[in-house]
Amino acid sequence: MKPPSHDLAFLPVRNEVPIQLDAAELGVSVEDIKRARDRRHVHRNRAARRRGTLLWLLIGPGILVMLGENDGPSMISYATTGAAYGVGFFLPFILLTFAMAYVVQEMTVRLGAATKRGHAELIYERFGRFWGFFSMADLVIGNLLTLVTEFIAIRAGLGFFGVPPVAAVLGALVVNVGVVLTQRYWTWERVVLGFAVFNLIFVPVAILAHPVSTAQVLHSFLAWGPLPGGFTNGFILVVMADIGATVTPWMLFFQQSAVVDKGLTTADIRHGRIDTALGAAAAAVAAIATVIATTPLFLHHVAASNLAGADFARALVPYAGNIGATLFALGLFEAGLVASLTISLSSAYAFGEVTESARSLNRPLRDGWPFYTVLMAAAAIAAILVLIPNAPLVFITLIVNVIAVLAMPPAIVFLLLLVNDREIMGGFANSRLSNFFGISVTVLLVLAGILFGITTVFPKLLPT
Amino acid sequence: MNTKSPCAMETETPMPRPCSPAQSWVHEFLEPDQLSASKMRYGRRPLRRGTLILLWMLRVYVVLMVFIVALAIRNAFLGGN
């Protein structure tokens, strides 16, 4: 029997990608077809040993999660660190926090690649509805607070250029919606990567400010000092803020779900690790550059405790020039924008996974409308809150990073339980060394939180 | 982990659907668990008592610390006034 001319099943599919595939006729979803197209490029380049192209195809989730975590409040934390302590103890300390972040995030790569499931989905499937919904609720509430601070950063960054708050916030919302409506994970990832690279804009600011010599910078890494003022309550707060600027719960959920949405498999774990390491390195460079960039404020005894957002940019004009200040403000805007894109997506992923509904940027709008609704609503609600007159924005900015540190230990415990589960991980479960590092990170976070708690309840224990 | 294409697997239906070449194309590049509709569910893994106690202790820790953060913010505002 002669096949009908419109029967797509008979199109040559091995060497050419069919122009149009009717998912309903083929018994696979549109999401599957889009993911298969992406994976086809990976397979071809792996077979042809095109290592550079293969790396380009496989990077994304790791870089985005690390640079996304260099968000508005994080860059303000680093700026405050430089203004309060200058070049010294906190440079190697920040490097240590990114090493901690790598240890944790690498586990999410293995989890996503081995199980093909997002983080919330795994918690829900393995530990039940209660813990699944609890984790999702934790994440959504924490993300909402964080998203508010991202729009604060967007507003502050563009406010430096005289852009009214409403225009700044609405413009960012339009970008959020526009990128998501491509309905294609690959496109969303590449666009956001393009934005995220601008996190390194703080490097030229540091060069323009050049507060200390390169030798002094290198000395601080070796000596873990100086630490002006020693161990004080203010020091503990900055430590907490800097840790919270690097490790937060949304990162676990985002990277694992993005690994799944991107279609990574166990064959890609090595590249996933490289991706995560590249992201950690780039984010650490941007963070350290920010500390160096605001060191002139420390050296010239500028009171930085009340500086917020674009105030830092204005305060840097005498030391980094108008160009340096402009770049700083742009960096603040970029930090808020990229984080708003990644954090809202992590909420949508978790919602879709726990409610067993759509959870992919490859899903068409008509099928995945709950997923897209949550994604856009998360950003929209945060944007609206920022525009409310007299909203306690400073309060929210202050608590967000600290709460991130406090919420991390329960999240890491679930992560460790899952990544040690040989029934789902097979040969990709944690080694003893990985468990040692993972447990060490958890203990360190709990101890930091307890120390913060003690010094808050008994403030006279340490000098102010 | 199962990497066999579902096109080759026996299905529960009496008459397995044959795969079209285009379906095979998608299955060639995606593992079965990567297909949006065909994931096998993992079973529940009961949490041991010690793990449950740890998780609840960490929950209590988080709630307590939220109050302490509120106290810290209050102290910061009062100290600034």
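Just so it is clear, the structure is predicted and the values come from calculations on it, not from any experiment. (Residues numbered from 1 in each chain as written. Chains lettered and ligands numbered in written order. Predicted model: local features only at pLDDT ≥ 70, side-chain atom pairs only at ≥ 80, totals over all residues.)

1. Quick notes on the overall build of chain B
How we decide: Helix numbers and strand numbers start at the N terminus; a helix is a DSSP run of H or I with at least 4 residues, a strand a run of E with at least 2. For the exposure call, what matters is how many other C-beta atoms sit within 10 Å of a residue's own: 20 or more marks it buried, 12 or fewer exposed, and in between partly exposed, using C-beta atoms placed from the backbone.
Looking only at helices and strands, one finds two helices and zero strands in chain B. Burial status across chain B gives 16% buried among its 81 residues.

2. As for the overall build of chain A
For the record, the criterion: As a reference, a globule follows 2.2 Å times the number of residues to the power 0.38, and the radius of gyration itself is taken over C-alpha atoms. What counts as a contact is two residues whose backbone-derived C-beta atoms lie within 7 Å of each other.
Helix and strand counts for chain A stand at 22 helices and zero strands. Whereas a compact globule of 464 residues would reach a radius of gyration of roughly 23 Å, chain A reaches 23 Å, a difference of no more than 12%. If one aligns the C-alpha atoms of chain A with their principal axes, the spans along those axes are about 85 × 50 × 45 Å. Every one of the 464 residues in chain A was classed for burial, and the buried ones make up 56%. By sequence separation, contacts in chain A at least 24 residues apart represent 84% of the contacts at least 6 residues apart.

3. Quick notes on the packing of helix H8 (residues 129–159) of chain A against helix H18 (residues 317–354) of chain A
Residues and elements named next belong to chain A. Rules: Axis definition: a line fit to C-alpha positions, over the contact stretch in the case of helices; interaxial angles, taken between N-to-C directions, run 0 to 180 degrees. The scheme is simple: roughly parallel for angles under 35 degrees, roughly antiparallel for over 145, roughly perpendicular for 65 to 115, oblique for anything else. When the near helix sits turned anticlockwise from the far one by under a right angle, the crossing is termed left-handed; a clockwise turn instead gives a right-handed crossing. Residues are grouped as follows: nonpolar covers Ala, Val, Leu, Ile, Met, Phe, Trp, Tyr, Cys and Pro; charged covers Asp, Glu, Lys and Arg; every other residue, Gly included, is treated as polar.
Close contact between H8 and H18 brings their axes to 8 Å; oriented N to C, the two are set at 160 degrees. The angle between H8 and H18 places the two elements in the roughly antiparallel class. Crossing angle aside, the handedness with which H8 passes H18 is left-handed. Residues that form the contact of H8 with H18 fall into these classes: 21 nonpolar, nine polar and one charged.

4. A word on the domain arrangement of chain A
Residue and element names in this part refer to chain A. Which entries qualify depends on this criterion: Either an automatic procedure or a domain database provided the assignment from which the domain bounds are taken.
Split into domains, chain A comes out as domain 1 (18–58) and domain 2 (60–461). Each of domain 1 and domain 2 has a C-alpha centre, and the two are 30 Å apart. Opposite the eight residues of domain 1 that make contact, domain 2 presents 12 residues. Listed by contribution, the elements that provide at least two residues to the side of domain 1 that touches domain 2 are helix H2 (30–47) and helix H3 (51–58). For the side of domain 1 that touches domain 2, the element with the highest residue contribution is H2, accounting for six residues.

5. As for the interface of chain B and chain A
With 34 residues of chain B at the interface, the matching set in chain A holds 46 residues. Within the residue set of the side of chain B that touches chain A, elements represented by two or more residues are helix H1 (21–29) and helix H2 (49–80) of chain B. When its residues are assigned to classes, the side of chain B that touches chain A shows 22 nonpolar, six polar and six charged.

6. Examining the environment of A:Thr187
Mapped onto the fold, A:Thr187 is located in helix H10 (residues 185–196). In this structure the C-alpha to C-alpha distance between A:Thr187 and A:Leu361, which are 174 residues apart in sequence, comes to 9.3 Å.

7. What to know about helix H6 (residues 90–115) of chain A
Residues and elements named next belong to chain A. Filter applied, for reference: Here the expected length of a helix is defined as 1.5 Å per residue gap, with one fewer gap than residues.
In a regular helix each residue adds 1.5 Å, so 26 residues correspond to 38 Å; H6 covers 37 Å between its end C-alpha atoms and thus fits that length. Most of H6 sits out of view: 20 of its 26 residues are buried. Positioned one or two residues after H6, Lys 116 has a phi angle of 60 degrees, which is positive.

8. Quick look at unusual backbone geometry
Leaving glycine out, the prevailing phi sign among residues is negative, and the prevailing peptide bond configuration is trans. Residues and elements named next belong to chain A. The residue after Gly 225, namely Pro 226, is reached through a cis peptide bond having omega 5 degrees. Mapped onto the secondary structure, Pro 226 falls in the loop between helix H12 (214–223) and helix H13 (233–244). Here the phi dihedral of His 210 falls at roughly 25 degrees; this positive angle occurs in a residue that is not glycine. Of note, His 210 is situated in the loop between helix H11 (202–209) and H12. Phi at Glu 356 takes a positive value of approximately 55 degrees, unusual for a residue other than glycine.

9. A closer look at the nonpolar core
Filter applied, for reference: For our purposes the nonpolar core covers buried Ala, Val, Leu, Ile, Met, Phe, Trp, Tyr and Cys residues that link as a set through C-beta atoms within 7 Å.
Counting residues in hydrophobic clusters, the biggest one holds 152 residues, and the most contacted among them are A:Phe151, A:Val205, A:Ala293, A:Leu316 and A:Phe328. Here this core takes 20 residues from H18(A), the largest share from any one element. Grouped together as the second largest cluster of nonpolar side chains are eight residues, A:Val28, A:Val30, A:Ile33 and B:Val26 included.

10. Considering helix H4 (residues 61–69) of chain A
In terms of burial, H4(A) is largely enclosed, as nine of its nine residues are buried. Structurally, H4(A) contributes buried residues whose contacts are with helix H5 (72–85), H6, H10, helix H14 (249–262), helix H15 (269–293) and H18 of chain A.

11. Here we look at the environment of B:Asp33
Along the chain, B:Asp33 turns up in the loop between H1 and H2. Assessed through the 17 C-beta atoms surrounding it within 10 Å, B:Asp33 is described here as partly exposed. Not counting the four nearest positions on each side in its chain, B:Asp33 is found in contact with A:Lys116 and B:Lys39.

12. Notes on the confidence of the model for chain B
Detailed reading of the predicted coordinates is not advisable wherever pLDDT falls low. All names here are of chain B. To keep things clear, this is the line we draw: For every residue, the pLDDT score states the predictor's confidence, bounded by 0 at the bottom and 100 at the top.
In this model, chain B carries a mean pLDDT of 73, and residues with pLDDT of at least 70 account for 67%. Taken as a whole, residues 1–18 scores under 50 in pLDDT and shows 16 contacts with residues more than four places along the chain or in a different chain. As a predicted assembly, this complex carries a pTM of 0.88 together with an ipTM value of 0.80.

13. Quick look at the environment of B:Val26
Residue placement: B:Val26 occurs in helix H1. According to the C-beta neighbour criterion, B:Val26 is buried, with 28 such atoms within 10 Å. Along the chain, B:Val26 and B:Ile68 lie 42 residues apart, while their C-alpha atoms are 53 Å from each other. Among all residues touching B:Val26, those that are not within four sequence positions of it are A:Val28, A:Asp32, A:Ile33 and A:Ala36.

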